[in-house]
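Below, each chain spelled out in residue letters.
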Amino acid sequence: MDELTIKRVKTGLADPAIGPETIALMLTDTCNLSCVYCRGGRIDDGRGKAEESELTTEELFSFFEDAAGFKVKEVNIGGMRGEPFCKKDIRLILRKIKSLGLTGSMTTNGSMLSGALAEEMSSYGWDILLLSLDAPFARLQHQLRPAVNGKEYFHNILEFLGALNNNPGSRMRVLVNMVITGNNYKYFPEMVDFVNNYRNIESLNVLRLVDMGLPGYSDLQLDRGQAAEFRETLEAFKREKKVLYAGNWSSPDVRREMPAGRHTRCFTNYYILSIAANGDVLFCPQQYKALSGLNIRDVRLRDLWLNEHFSFRKILSESAPCYGECCTILRKQNEEIYNAVCDG
C-alpha cells in the first residue's frame, strides 16, 4: 500500500476534513453477463431502461470535477452489480477522468474488451484494469460467466491482453480477480501460467466465493476435501509474486475464518467513498447497501464527507461485522493500515 494513503488515513482519523483518496463508483447496474454466483444487477436486454435512474454523463462530469477540487486521487469504476462498458458514453467518461489528472481504475468482466480498446485506453494513460476472469480457457469461463445473449467473448479478453503485451508504451496495470469454486480450483496452476504470459498483468487475486443467497451456491462452494486440496495448491505457489490471497483457506466457509480482535477493524471508509449508480452513498465498496439520506445529487462532495458519513466510518474503524467477507485487496490494505496507524 502507498505510504501516502496510510498517512492520509492517519491524518483523517484525527481530522474529518481530510477527504477520501478514492471514489469507488458503481457506474451502472446493467450487466451483459449472467454469472452463476453474482448478486447481479439489471440484465441488459438492449432497451436501456437501467439508465433512467443512474447518474447522467453531465452529472458524472460535474462530480469528477468536484472530486478533483477536493484533492481526490483516484476514481475506481466498480463492477459490483453492473458492467461499466454497458454504460452509455463510457469512453467519454474514462477520458474525462484522466483529463482531470485523476488516477483511473476499473473492474470489468472483460466481455466487451478489444485490441482497439487497449490501444485507446493506453493512449490517454488509463492506469488500472481489474479483470474478472475465473478460468484460463474459454469453455469454463463461459460456463461460470455466461453472456446473456449466449455469445462467446473469451477471445475479446485475449485480444485486449495481447494488444497491451505488444504495446511497449502501455503502462496499464491489469489485476486479475479469480473467484474459486468447485468448478475451477483444479485449474489454478494453469491460471498462474496464463497470467505470467502477459507483461501487463500485475497480480492474480484469489477470491473466495461468498454466499449471496443465490440458488446453487452449495454446488459451487468447495467441500472440505476440495478446500484442503486447494490449500496445498496455494502453498505450492506461495512464492509466486503475482499470486495474492487473504486467509489460510483452512475452511471452505469464509465466515469460519473471520479474523478476531484487531483485524475486524475496517479503515476503508477513511480513504474510499463508495457511490451507487444512482448517486447514493454506499456502506462500502463490497456492500451494496445505501446509507439513508446521502446522495451526491443533493450535496457537494466536501459537505457530504463531513456529515453523517463521518460517524459511520468511525464506527466501522472500531469494529466491522462484515470484515470476514471482505475482498483480498481490502483486507490486506486494512492490515497494513492497522499495523502503521495503531501499532506505529
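Residues numbered from 1 in each chain as written. Predicted model: local features only at pLDDT ≥ 70, side-chain atom pairs only at ≥ 80, totals over all residues. Heavy atoms only, no water.

(A) Representation of the overall build of the chain. Per the secondary structure count, the chain includes 12 helices and 12 strands. Across the 344 residues of the chain, 54% fall into the buried class. Of the contacts formed within the chain by residues at least 6 apart in sequence, a portion of 76% connects residues at least 24 apart. Accessible surface, the chain as shown: approximately 15200 Å² in total, 49% of it carbon and sulfur. (Helix = DSSP H or I, 4+ residues; strand = E, 2+ residues; numbered from the N terminus. Buried < 20%, exposed > 50% of the residue type's maximum accessible area, 1.4 Å probe, protein only. Contact = heavy atoms within 4.5 Å. Areas by Shrake-Rupley, 256 points an atom, 1.4 Å probe, with all protein chains shown as cover.)

(B) Molecular detail of the pattern of salt bridges. Tallied over the entire structure, the rule returns 11 salt bridges. For Asp134, the salt bridge identified is with Arg145, shortest N-O distance 2.8 Å. With Asp134 in the loop between strand S6 (128-132) and helix H5 (138-144) and Arg145 in the loop between H5 and helix H6 (154-165), the pair connects residues that are 11 residues apart, well separated along the chain. (Salt bridge = Lys/Arg side-chain N within 4 Å of Asp/Glu carboxyl O.)

(C) Expanded view of the nonpolar core. Of all hydrophobic cores here, the largest spans 70 residues; its most connected members are Ile23, Met121, Phe160 and Phe188. Residue contributions to this core peak at 6 residues, all from H6. If sequence neighbours within four positions are ignored, Met121 has contacts with Phe85, Leu94, Met106, Trp126, Leu129, Phe160 and Met172. Counting residues in hydrophobic clusters, the runner-up holds 14 residues, among them Val9, Met26, Leu282 and Tyr338. (Core = buried A, V, L, I, M, F, W, Y, C linked by side-chain atoms within 4.5 Å.)

(D) Highlighting the pairing of strand S8 (residues 201-207). For S8, the tally of buried residues reaches 6 of 7 residues, placing the bulk of the element in the interior. Sheet analysis places strand S7 (residues 173-179) next to S8, joined by 6 bridges and oriented parallel. For Leu175, the partnering residue across the bridge sits in S8 and is Ser203. The parallel pair S7 and S8, bridged by helix H7 (residues 188-196), forms a crossover whose chirality is right-handed. (Pairing = 2+ DSSP bridges. Right-handed = clockwise from strand over helix to strand, strands pointing away.)

(E) Focus on the packing of aromatic side chains. Counted according to the given criterion, the structure contains 6 aromatic pairs. Ring geometry for Phe188 and Phe230: centres 5.4 Å apart, planes at 85 degrees, overall edge-to-face. Placement of the pair is Phe188 in helix H7 and Phe230 in helix H9 (residues 224-236), with a sequence separation of 42 residues. Classification of Phe188 as buried rests on a relative accessible area of 0%. Taking 5.3 Å as the distance between ring centres and 55 degrees as the angle between the ring planes, the aromatic pair formed by Phe194 and Tyr198 counts as tilted. Across this residue pair, the class does not change: Phe194 and Tyr198 are buried. Pairwise contacts between aromatic rings join Phe154, Phe194 and Tyr198 into one cluster. (Phe/Tyr/Trp six-rings, centres within 6.5 Å; stacked < 30°, edge-to-face > 60°.)

(F) Here's a closer look at the confidence of the model for the chain. The predicted model of the chain averages 84 in pLDDT, with 81% of residues at 70 or higher. Within the model, the stretch residues 254-262 combines pLDDT values under 50 with 24 contacts to residues more than four positions away or in other chains. (pLDDT = per-residue confidence, 0-100.)

(G) The pairing of strand S4 (residues 74-77), seen in detail. Neither face of S4 is exposed, since Glu74 and Asn76 on one face and Val75 and Ile77 on the opposite face are all buried. As paired elements, strand S1 (residues 22-25) and S4 share 4 bridges and run parallel to each other. Its bridge partner being in S4, Ala24 is matched across the sheet by Asn76. Here S4 pairs with strand S5 (residues 103-108) via 4 bridges, running parallel. Paired with Val75 across the strands is Gly104, a residue of S5. Taken together, S4, helix H3 (residues 90-99) and S5 form a β-α-β motif whose crossover is right-handed.

(H) Spatial organisation of the side chain of Asn184. Summarising the element assignment, Asn184 is placed in the loop between S7 and H7. With a relative accessible area of 0%, Asn184 lands in the buried category. From its side chain, Asn184 meets the backbone nitrogen of Thr181 in a polar contact 2.8 Å long. Apart from the residues within four sequence positions on either side, Asn184 is in contact with Asp134, Leu140, Leu144, Met178 and Val179. (Polar contact = N/O pair within 3.5 Å; in protein donor to acceptor, adjacent residues only side chain to side chain.)

(I) Structural view of H7. Considered for burial, the residues of H7 that qualify are Phe188, Met191, Val192, Phe194 and Val195. The buried residues of H7 occupy one face: seen down the axis, they fall within an arc of 160 degrees. Considering only its buried residues, H7 is in contact with H6, S7, S8, H9 and strand S9 (243-244). (Arc of directions from axis to C-beta.)

(J) Summary view of helix H2 (residues 57-69). Its 13 residues place the ends of H2 18 Å apart at the C-alpha level, agreeing with the 18 Å of an ideal helix rising 1.5 Å per residue. The set of residues buried in H2 consists of Thr57, Leu60, Phe63, Phe64, Asp66 and Ala67. Residues of H2 that are buried make contact with S1, S4, H3, strand S10 (272-275) and helix H10 (301-306). Of the residues trailing H2, Lys71 is marked for its positive phi of about 65 degrees. (Expected span 1.5 Å × (residues − 1).)

(K) Representation of the packing of helix H4 (residues 115-123) against H6 in the model. At a minimum axis separation of 7 Å, H4 and H6 run at an interaxial angle of 45 degrees. On the basis of their axis angle, the class for H4 and H6 is oblique. You can see that H4 and H6 cross each other, and the crossing is right-handed. On H6, the residues touching Gly115, Ala116, Leu117, Ala118, Glu119, Met121 and Ser122 of H4 are Glu159, Phe160, Ala163 and Leu164. Within the contact of H4 with H6, the residues separate by chemical class into 7 nonpolar, 2 polar and 2 charged. (Axes fitted to C-alpha atoms, helices over the stretch in contact; angles between N-to-C directions. Parallel < 35°, antiparallel > 145°, perpendicular 65-115°, else oblique. Left-handed = near helix turned anticlockwise from the far one by under 90°. Nonpolar A, V, L, I, M, F, W, Y, C, P; charged D, E, K, R; others polar.)

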